[in-house]
Amino acid sequence: QPGGVGILLSSVSTPSARWENMAEFSSVGPTGDGRVKPDLVAPGDRVTSASSDGNLDSKQCTVEISSGTSMSTPLVAAGAALIRQYFMEGFYPSGARLSQNAFEPSGVLIKAVLI
């Protein structure tokens, strides 16, 4: 949207096939007490990420493919930061920045929007 912010949420798969794209090393529910987990998933298997040669003087960087929570967590954190900003800058509910609509969202609200 020109001059505005939008949040796009999409579904990757149908409910009957919802686990087909989970990484083999991921845990899936139900938990011992019957809760369905995980609440939220993000790409974490074979993610292309920035990498360096470890030498601060060379200033050389490249990309590497890696897997794990160290790949998926930054994606979720970035999404949570954008959602927080959306509320803090007053874009909800109109989609236009209105300072009178700005508020600090709770962690529970941010998680609900992520889910």
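Being a predicted model, the structure only gives us computed values, none of them experimental.

What follows covers unusual backbone geometry. With the exception of glycine, most residues fall at negative phi, and the peptide bonds are largely trans. Geometrically, the link from Lys37 to Pro38 is a cis peptide bond, its omega value of 0 degrees lying close to zero. If you trace the backbone, Pro38 turns up in the segment before β1 (47–52). Along the chain, Tyr92 connects to Pro93 via a cis peptide bond; the corresponding omega equals 5 degrees. Within the secondary structure, Pro93 sits in the loop between α1 (69–88) and α2 (107–114).

In this section: α1. In this model α1 runs 28 Å from its N-terminal to its C-terminal C-alpha over 20 residues, within 8% of the 28 Å that 1.5 Å per residue would give. Of the positions making up α1, those classed as buried are Met71, Ser72, Ile83, Tyr86 and Phe87. Seen along its axis, α1 keeps its buried residues to an arc of 145 degrees; they face one direction. Elements in contact with the buried residues of α1: β1, β2 (61–66) and α2. Residue Gly90 follows α1 closely and has a positive phi angle near 80 degrees.

This paragraph deals with the pattern of salt bridges. In total, this model carries 5 salt bridges according to the counting rule given. A salt bridge links Asp33 to Arg35; its shortest N-O distance comes to 2.9 Å. Judged by its relative accessible area of 56%, Asp33 falls in the exposed class. The network of salt bridges with common partners includes Lys37, Asp39 and Lys111.

Our focus in this paragraph is the packing of α1 against α2. A pair of packed helices is characterised by two quantities: the angle between their axes and the separation of those axes. Interaxial distance between α1 and α2 falls to 10 Å at its minimum, and their mutual angle equals 115 degrees. Crossing angle aside, the handedness with which α1 passes α2 is right-handed. Each of Val76, Gly79, Ala80, Ile83, Arg84 and Phe87 in α1 lies in contact with α2, whose residues at this interface are Leu109, Ile110, Val113 and Leu114. Of the residues in the contact of α1 with α2, the class split is 8 nonpolar, 1 polar and 1 charged.

Rules used in this analysis
Residues numbered from 1 in each chain as written. Predicted model: local features only at pLDDT ≥ 70, side-chain atom pairs only at ≥ 80, totals over all residues. Heavy atoms only, no water. Helix = DSSP H or I, 4+ residues; strand = E, 2+ residues; numbered from the N terminus. Expected span 1.5 Å × (residues − 1). Buried < 20%, exposed > 50% of the residue type's maximum accessible area, 1.4 Å probe, protein only. Arc of directions from axis to C-beta. Contact = heavy atoms within 4.5 Å. Salt bridge = Lys/Arg side-chain N within 4 Å of Asp/Glu carboxyl O. Axes fitted to C-alpha atoms, helices over the stretch in contact; angles between N-to-C directions. Left-handed = near helix turned anticlockwise from the far one by under 90°. Nonpolar A, V, L, I, M, F, W, Y, C, P; charged D, E, K, R; others polar.

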